[in-house]
Amino acid sequence: MDKEFNLINAIRIILKWKVQLITLVVLSGVIAAVFSVFVMDEWYLSYSTFYPTNQALTDRNNIFGNEASADYFGDKADVNRVLTIANSVPIIDFVIDSFKLAEHYDVSKDKKYWRTIVRKKFEKKYEAIKTERDAVQVSLYDTDPKTAAAIVNTIVERVDALNKQYVAETKTKIYSAVDEQIKKLQQDVAFYNDTLASLGELYKIKVSTGADGTVIIEGGNYKAVQIYKSIMSRQTNANRELNNMMNIHGQLEVSKTNNESSLYILEKAFASDRREKPVRSLVVLITMLVTAFVALVGVLLIEEIKEIKAQL
């Protein structure tokens, strides 16, 4: 009975204050609508979705080998590496400098930690995540839809460049090492040629080819002929290795100059023509509900206080 009485009493109080309550709720809705239109910033969302590719596909073994890798897309390690790059400080600082975000976010560079402030503002609006389908999605909210799209596309390009950098540097190091080996082999071959020419002239050594294709070396000095044969064998091995290195060198050059993207972009960021935030109807609705709740509690407390005072 006590609960029923309290409920009836509460309804009676609400009906007593209904005009004030309705007026207050409607007024709060109008104020929220005006605030959301004229004060709150409009935020536009731009995003890009992509998969990292298998960079081993540009290796010389895959380009010139008999068995190429069947996996076009990268694995989880590639996805994690790309996510790490996309969320790294160098990427964010590059965007801050390239798009002058300090001015864009109205942060004075006279402040001691202005870059940290800008970075935190940017990170609240920026996200690089792995989707349910193991793709990578980079997204950004901004008040300017064109700026949001430009920043996202720039980040994707920068991530691609940094992702390829390690592989490119490794290829360059191998290419340089092979180049040095070729120079050394060329010097060895030149040395063997000069030595054989000198021995042949000094000891009248003659070289001919037999009917079965074997090389015949003849001369009057047996020891000189044996030395000649030994040097000639080294010359043959050096030439064979040089030819092999030249072949590898050419393959590495093709692989090194391959500038294919390390990302397969499914969706490129574009300037959105529709704001994402704020949802004005939701702002108004929540404001009215909160106002209604607070107002109801308020009138119930007022009436309760009046009743207590009347009993004293």
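Above: the structure in question.
Here's what I pulled together on the structure shown here. (Residues numbered from 1 in each chain as written. Predicted model: local features only at pLDDT ≥ 70, side-chain atom pairs only at ≥ 80, totals over all residues. Heavy atoms only, no water.)

So, on to unusual backbone geometry. For Lys100, which is not a glycine, the phi torsion comes out positive at approximately 50°. Relative to the helices and strands, Lys100 resides in the loop between α5 (89-98) and α6 (101-104). Residue Lys100 is classed as exposed on the basis of its relative accessible area, which comes to 57%. The backbone of Asp106 shows a phi angle near 60°, a positive value even though the residue is not glycine. On the secondary structure map, Asp106 appears in the loop between α6 and α7 (114-125). (Helix = DSSP H or I, 4+ residues; strand = E, 2+ residues; numbered from the N terminus. Buried < 20%, exposed > 50% of the residue type's maximum accessible area, 1.4 Å probe, protein only.)

This next bit is on the sheet that holds strand β3 (residues 136-142). Whether parallel or antiparallel, the strands of a sheet pair through hydrogen bonds between backbone atoms. With respect to topology, 4 strands assemble into an open sheet ordered β2-β3-β1-β6, the strand pairing being antiparallel. Two strands bound the open sheet, and with one partner strand each, they are β2 (126-130) and β6 (263-267). Each adjacent strand pair in this sheet contributes to an overall mean axis angle of 25°, direction not counted. Bridging between strand β1 (residues 44-52) and β3 involves 7 bridges; their strand directions are antiparallel. Note on β3: the bridge partner recorded for Phe50 is Val136. (Pairing = 2+ DSSP bridges. Axes fitted to C-alpha atoms, helices over the stretch in contact; angles between N-to-C directions.)

Counted according to the given criterion, the structure contains 10 salt bridges. Lys16 is paired through a salt bridge with Glu303; the nearest N and O atoms lie 3.2 Å apart. With Lys16 in helix α1 (residues 2-16) and Glu303 in helix α10 (residues 280-311), this residue pair connects regions lying 287 residues apart in the sequence. We note a salt bridge from Asp78 to Arg81, for which the minimum N-O separation is 2.7 Å. Of this pair, Asp78 and Arg81 both sit in helix α4 (residues 76-86), 3 residues apart, which is roughly one turn of that helix. Among the residues examined, Asp78 registers a relative accessible area of 13% and is labelled buried. You can call Arg81 partly exposed: its relative accessible area is 32%. Via salt bridges that share partners, Asp93, Asp97, Arg115 and Arg119 belong to a single interconnected network. (Salt bridge = Lys/Arg side-chain N within 4 Å of Asp/Glu carboxyl O.)

Moving on: the environment of Thr53. Topologically, Thr53 is positioned in the loop between β1 and α3 (60-64). The buried category is assigned to Thr53, whose relative accessible area is 7%. The spatial distance from the C-alpha of Thr53 to the C-alpha of Glu260 is 9.8 Å, given a sequence separation of 207 residues.

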